[in-house]
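The lines below spell out each chain.
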Amino acid sequence: MPRSHSTDIDGLIQLLAKLPGLGPRSAKRAALDLLKKRESVMRPLARTLEAVATSVDFCAQCGNLDTVSPCHICSDPRRDAGTLCVVEDVADLWALDRSEGYKGLYHVLGGTLSALDGVGPDDLRIASLVTRVSEGTVQEVILALNATVEGQTTSHYVADMLSETQVQITALAHGVPVGGELDYLDDGTLTAALNSRRGLED
Amino acid sequence: MEWRDDGIVLSVAQHGESGAVLEVMTRSHGRARGYVRGGNSRKQRPVLQPGNHLALVWRSRLAESLGQFTVDPARSPLGAILSSGGKLKAMACLLSVVATSTAEGEPQTPVYDSLSAILDLIADTQDPVGWAAAVVRLEAALLAHLGYGLDLAVCAATGREDNLVYVSPKTGRAVSRSAGDPWKEKLLPLPAFLTQQTAPSQDQVIDGFALTGYFLERQIWVARRSGAPDARARFVDYLRQLAPQK
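Residues numbered from 1 in each chain as written. Chains lettered and ligands numbered in written order. Predicted model: local features only at pLDDT ≥ 70, side-chain atom pairs only at ≥ 80, totals over all residues. Heavy atoms only, no water.

(A) Here's a closer look at the overall build of chain A. Scanning chain A from terminus to terminus reveals seven helices and six strands. For a compact globule of 202 residues, the expected C-alpha radius of gyration is about 17 Å, and chain A comes in at 22 Å, more than 25% above that figure. Seen through its principal axes, chain A has C-alpha atoms that stretch 70 × 45 × 40 Å. A separation threshold of at least 6 residues defines the contact pool for chain A, and within that pool the share at least 24 residues apart is 48%. Entry remark: accessible area of chain A is about 13300 Å², with carbon and sulfur atoms responsible for 55%. Taking the average place of the 18 positive charges on the side chains of chain A and the average place of its 28 negative ones, the gap between the two points comes to 14 Å. (Helix = DSSP H or I, 4+ residues; strand = E, 2+ residues; numbered from the N terminus. Rg over C-alpha atoms; globule rule 2.2 N^0.38 Å. Contact = heavy atoms within 4.5 Å. Areas by Shrake-Rupley, 256 points an atom, 1.4 Å probe, with all protein chains shown as cover. Lys, Arg positive; Asp, Glu negative; His and termini not counted. Charge placed at Lys NZ, Arg CZ, Asp CG, Glu CD.)

Right, here's the structure in full:
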């Protein structure tokens, strides 16, 4: 087959195609676009990628991504060290922190238990969570895992593991989202919302 | 090839970036698998949760290829299950037993009906021993369907119909107390709820799991090289840890 571009460009396209949401064709478009904006996008991007790859690492305490370890959340003295929110992924941590409704610390598990994908308790940061909670500062652990079968199975497993530590264990409520209309909700959410109904506050 | 059916999600495996391979137990087409385009997307993921009821359309050029599913949510018992660790363990056990002990593509409407009824039982009641007894009965029915049914009507040694408390691990036939006592170390205990209309106890359902598990392992799981599902062992452990019934 006649070659229309060099192996270097091919290599770039193949690497870009590994990114989520990009296939070979969109990777080719992205590569062409980068080459057209060489000075304004491509070189700064290359420098930033290099810098981030060198400087950013997982926080040894909570598993967040940051340039320092412990990360800026773990080392923030204004945060409540007595509350620990357990999340599946760094993306969930960022989502919860974006809401600004929570002022405690986090612990990222790095996934959920999944028999089908071969993810067992040893593949997640459960042991370090138990060690962290056993140190005595934490009074409440909030399990903020996804409301999926795998997420909730992991939640209950983590709760079992923490049952001997005497801390209060809570989980996020499941129910009607803010701005949600009942007509559009699925049966599972409606049942969960009904089961966890509450009294109205003044 | 195309068929439409109702189905219950047994498992979902991510396939590629946004697709998924869905395994369901259907009402009229048995256990079936198929690719779901966009099955791992934000929109479809909540629908493709194990235990959910779906309205399915399966299409394929050839009957023997994987095929493709189009799915619509029908009903979900998960709202009442997700918040309880015991219910989640029971459901995982039930789904894994059905997934590992049924033949793909072989219509088994009674299994679908039992699966649906037991899922509702798990969602609607707080009775782990009751759920466990229902799963054990389903396992006995699955063994019978595959041609390895237990013969629990009369004693294999004496022909008596009463006081049946053991099962022979060799033949799967019941043995009465008087005939079985000398060999009781080698026989499997037969819980009364499998032969009579009695309410099962915690110990009896654990015995029941040991009984059906022994034959499922020997006749089916060994042949499929799958071994007993881990989720089943976890549910039995959960039953063992429950406070003993008064």
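(B) Spotlight on the sheet that holds strand E8 (residues 188–189) of chain B. Residues and elements named next belong to chain B. The antiparallel open sheet is built from three strands, whose spatial order is E7-E6-E8. Since the sheet does not close on itself, it has two edges, and those belong to strand E7 (174–176) and E8, each with one partner. Where strand E6 (residues 164–167) and E8 come together, two bridges link them in antiparallel fashion. Bridge assignment links Tyr-166 to a residue of E8, and that residue is Pro-189. (Pairing = 2+ DSSP bridges.)

(C) Highlighting the side chain of Ser114(A). All names here are of chain A. Mapped onto the fold, Ser-114 is located in the loop between strand E4 (104–108) and helix H5 (126–134). Residue class for Ser-114 comes out buried when judged on its relative accessible area of 4%. Within the structure, Ser-114 has its side chain in polar contact with the side chain of Glu-150 (distance 3.1 Å). Leave out the neighbours within four places in its chain, and Ser-114 touches Val-119 and Glu-150. (Buried < 20%, exposed > 50% of the residue type's maximum accessible area, 1.4 Å probe, protein only. Polar contact = N/O pair within 3.5 Å; in protein donor to acceptor, adjacent residues only side chain to side chain.)

(D) Local environment of the sheet that holds E4(A). All names here are of chain A. An order of E4-E3-E5-E6 is seen for the four strands of this open sheet, with the pairing classed as parallel. The sheet is open, and its two borders are formed by E4 and strand E6 (168–171), each paired with just one other strand. For this sheet, the mean angle separating the axes of adjacent strands, direction not counted, is 25 degrees. In the sheet, strand E3 (residues 80–87) pairs with strand E5 (residues 140–143) via four bridges, with the strands oriented parallel. Bridge assignment links Leu-84 to a residue of E5, and that residue is Val-141. The strands touched by helix H4 (residues 90–99) are E3 and E4; relative to E4, the strand with the most contacts, the crossing angle is about 160 degrees. Here H5 sits on the sheet in contact with E3, E4 and E5, set at roughly 155 degrees to E4. (Axes fitted to C-alpha atoms, helices over the stretch in contact; angles between N-to-C directions.)

(E) Up close: the confidence of the model for chain B. Residue-level pLDDT values for chain B average 90, and 99% of them are 70 or greater. Interface scoring of the predicted complex returns ipTM 0.82; its pTM is 0.87. (pLDDT = per-residue confidence, 0-100.)

(F) Local environment of the nonpolar core. One finds Met91(B), Leu94(B), Leu115(B), Leu190(B), Phe209(B), Leu211(B) and Phe235(B) to be the most contacted residues of the largest nonpolar core, which totals 61 residues. Broken down by secondary-structure element, the contributors of at least two residues to this core are strand E1 (2–15), helix H1 (85–101), helix H2 (109–124), helix H3 (128–145), E6, E7, helix H5 (202–224) and helix H6 (230–241) of chain B. In terms of residue count, the dominant contributor to this core is H3(B) (10 residues). Core analysis: the next-biggest nonpolar cluster, separate from the first, contains 30 residues, Cys59(A), Cys71(A), Tyr106(A) and Ile126(A) among them. (Core = buried A, V, L, I, M, F, W, Y, C linked by side-chain atoms within 4.5 Å.)

(G) Structural view of the packing of aromatic side chains. All names here are of chain B. Summed over the entire model, instances satisfying the criterion amount to six aromatic pairs over all chains. Considering the side-chain rings of Phe-209 and Phe-235, the 5.9 Å spacing of their centres and the 90 degrees angle between planes classify their relative orientation as edge-to-face. Pair noted here: Phe-209 is in helix H5 and Phe-235 is in helix H6, with a separation of 26 residues, a long-range link. Judged on exposure class, the residue Phe-209 and its partner Phe-235 are both buried. Ring centres 6.1 Å apart and planes at 20 degrees place the aromatic pair Phe-235 and Tyr-238 in the stacked group. Pair noted here: Phe-235 and Tyr-238 are both in helix H6, with a separation of three residues, about one helical turn. Assigned by exposure class, Phe-235 and Tyr-238 land together as buried. (Phe/Tyr/Trp six-rings, centres within 6.5 Å; stacked < 30°, edge-to-face > 60°.)

(H) Highlighting the packing of H1(B) against H2(B). All names here are of chain B. H2 packs onto H1 with a crossing angle of 175 degrees between their chain directions and a minimal axis gap of 10 Å. Here H1 is positioned roughly antiparallel relative to H2, judged by the angle of their axes. Counting all contacts with H1, which are made through Lys-87, Ala-90, Met-91, Leu-94, Leu-95 and Val-98, the residues of H2 involved are Val-111, Leu-115, Ile-118, Leu-119, Ile-122 and Ala-123. (Parallel < 35°, antiparallel > 145°, perpendicular 65-115°, else oblique.)

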